[in-house]
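Residue-level structure breakdown
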Amino acid sequence: MEKLNVWIDSDCGIDDAIAIITACGLKELNIVGASAVVGNVEVDKTYRNVRNVLSLIHREDIPVYKGAAKPIIKPYFSASYFHGSNGLGGAEIPESKAKHEEKNAYDALYEKARELGGNLYVAALGPLSNLAITIADHPDIVNYIRAIAIMGGAVEGGNVTPCAEFNIFCDPHAAEVVFKSGIEVIMCGLDVTMQMKLGQSDIDEIYAYGNKVGDLLYTSTITTKQFYRAENERMIYLHDCCPLFYLAHPELFKAVKCGIYVETEGEITLGKTVTDVYSDHKWEDRHCKAVMKIDHDRFIDMVKDIYRSYEE
Ligand code: BDR
Ligand code: CA
């Protein structure tokens, strides 16, 4: 089986950590590099978290590069109220001993994409600042990336505002650059990611496997679950797993071809991903996909299988 080469760009918070851990257990994927971006917390912390999570699963061989410290235009808006000040809900994991890479995220991603002759997918789990800067610095990268699967946006609704999802709201101008780049964008928005619930009983089951990744899942989500109490359900959304599982297992999902634009000016609609999924009028440019549905039970079974497979 030929594996897909995937680069992970992450603002490593709680669900990013779960996504990285599960992605490394998906046998269909070959994770060739990772980069950290500002988002849930500051970039120094997201960089540290990506490195430490990879080290926890003994994947120090995956190089990690630091990227943008702020959105390209808009002032930074943190999600530490949700992910805790360290980005991992206060959970502590040992410091990675991997060497620090000297290159920045933009040059590193570009060089890897060229080295692979365009045989590369990007999974973007945070604001799209790193990708926008990479496209600006190296415009021909559009010829060297097969598709960018993002967690971000929504066909309908928002989470951080009634109109906008956090990753797009955090850096709407960067998102606009990415959607207009011509690269196929697979949008795993809230429409599908809010179907990706991991309940308290699932978390307890994973914790009982007795390994370090289960321990991290359990401890990092303690405060997050308080948030969803409002919905009368102790659970978390595994938003950031979506782009990675979509790349590995598209058969689990329903996706529709569409056009997507980003609102970069509206006072109350800033960061909205405006799609033509439900409209009679279709945009001329329809090179994106919106992922709308997932087979939840098969997905959760796979997550559990991967967590169970980690030995210590
Ligand atoms: C997205 O925002 C972040 O808080 C999560 O990590 C996810 O990428 C959900 O809106
Ligand atoms: Ca994220």
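Refer to the structure presented above.
Keep in mind that what you see is a predicted model, and the values were worked out from it rather than measured. Residue numbers run consecutively from 1 along every chain, following the written order of its sequence. Chain letters start at A and ligand numbers start at 1, both assigned in the order the entries are written. At least 70 in pLDDT is required for a residue's local features to be given in this predicted model, at least 80 for side-chain atom pairs to be given and counted, and no such filter applies to totals for whole chains, interfaces and linings, which use all residues. Just so you know, side-chain values use all the structure's heavy atoms and leave hydrogens and water out.

Observations regarding the overall build of the protein chain
As a reminder of what qualifies: Secondary structure counts use DSSP, requiring at least four H or I residues in a row for a helix and at least two E residues in a row for a strand, with both numbered from the N terminus. Within these notes, the globule rule equals 2.2 Å times the number of residues to the 0.38 power, and the radius of gyration is based on C-alpha atoms. A simple rule labels every residue: compare its accessible area, found with a 1.4 Å probe on the protein chains alone, to the largest value its type can have, and call it buried under 20%, exposed over 50%, or partly exposed in between. It only takes one pair of heavy atoms within 4.5 Å for two residues to be counted as in contact. Accessible surface is estimated by sampling points in the Shrake-Rupley manner with a 1.4 Å probe; for residues, cover comes only from the protein chains shown. When charges are tallied, Lys and Arg are placed among the positive residues and Asp and Glu among the negative ones, while His and the ends of the chain are skipped. Every charge is mapped onto a representative atom, which is NZ of Lys, CZ of Arg, CG of Asp or CD of Glu.
Along its length, the protein chain carries 13 helices and 12 strands. Computed over its C-alpha atoms, the radius of gyration of the protein chain comes to 18 Å, within 12% of the 20 Å expected for a compact globule of 312 residues. The principal-axis extent of the C-alpha atoms belonging to the protein chain is close to 50 × 45 × 40 Å. Looking at the protein chain residue by residue over its 312 residues, the buried ones come to 60%. Restricting to contacts in the protein chain with at least 6 residues of sequence separation, those with at least 24 account for 82%. Carbon and sulfur atoms form 50% of the exposed surface of the protein chain, whose accessible area is close to 12800 Å². Side chains of the protein chain give 31 positive and 46 negative charges; the mean places of these two sets differ by 2 Å.

Considerations on the pairing of strand β6 (residues 185–188)
We apply this condition: Strands are treated as partners if at least two bridges between them are detected by DSSP.
Burial along β6 is two-sided: the residues V185 and M187 and I186 and C188 are all buried. Two elements, strand β5 (residues 147–151) and β6, share 4 bridges in a ladder whose sense is parallel. By the bridge assignment, A149 is partnered in β6 with I186. The sheet contact formed by β6 and strand β12 (residues 288–294) spans 3 bridges and is parallel. Bridge pairing links M187 to A290 in β12.

Some points on the site of ligand 1
Rules: Proximity is defined per residue: if any heavy atom of the residue lies within 4 Å of a molecule or strand, that residue is considered near it. Any pair of N or O atoms that falls within 3.5 Å is considered a polar contact. Within protein, one atom must be able to donate a hydrogen and the other to accept it, and sequence-neighbouring residues count only if both atoms are side-chain atoms.
Taken together, D15, D16, N40, H83, L125, M151, N159, E165, F166, N167, H239 and D240 make up the full set of residues adjacent to ligand 1. Contact distances for ligand 1 include 2.8 Å between an oxygen atom and a side-chain N or O atom of N159. Of all the secondary structure elements, the ones that give two or more residues to the shell around ligand 1 are α1 (14–23) and α6 (166–170).

Observations regarding the sheet that holds strand β4 (residues 121–124)
We apply this condition: For helices, the axis comes from a line fit to the C-alpha atoms of the stretch in contact; other axes are also lines fit to C-alpha atoms, and the angle between any two N-to-C directions lies between 0 and 180 degrees.
The strand order across the open sheet formed by 8 strands is β3-β2-β1-β4-β5-β6-β12-β9, and the pairing between neighbours is mixed. Only two strands of the sheet have a single partner each, and these edge strands are β3 (64–66) and β9 (253–258). Strand after strand, the sheet turns through a mean of 25° between neighbouring axes, direction not considered. By the bridge criterion, 6 bridges tie β9 to β12 in an arrangement that is antiparallel. By the bridge assignment for β12, K257 is matched with K289. Against the sheet, α1 contacts β1 (4–10) and β2 (29–36), and its axis sits at roughly 165° relative to β1.

Quick notes on the packing of α1 against helix α12 (residues 241–248)
Basically, it comes down to this: When describing relative orientation, an angle under 35 degrees is termed roughly parallel and one over 145 degrees roughly antiparallel, while 65 to 115 degrees is termed roughly perpendicular and anything else oblique. Residues are grouped as follows: Ala, Val, Leu, Ile, Met, Phe, Trp, Tyr, Cys and Pro are nonpolar; Asp, Glu, Lys and Arg are charged; every other residue, Gly included, is polar.
α12 packs onto α1 with a crossing angle of 20° between their chain directions and a minimal axis gap of 8 Å. Here α1 is positioned roughly parallel relative to α12, judged by the angle of their axes. Counted together, I18, A19, T22 and A23 of α1 and C241, L244 and F245 of α12 form the full contact between these two elements. Among the residues forming the contact of α1 with α12, the class breakdown is 6 nonpolar, 1 polar and no charged.

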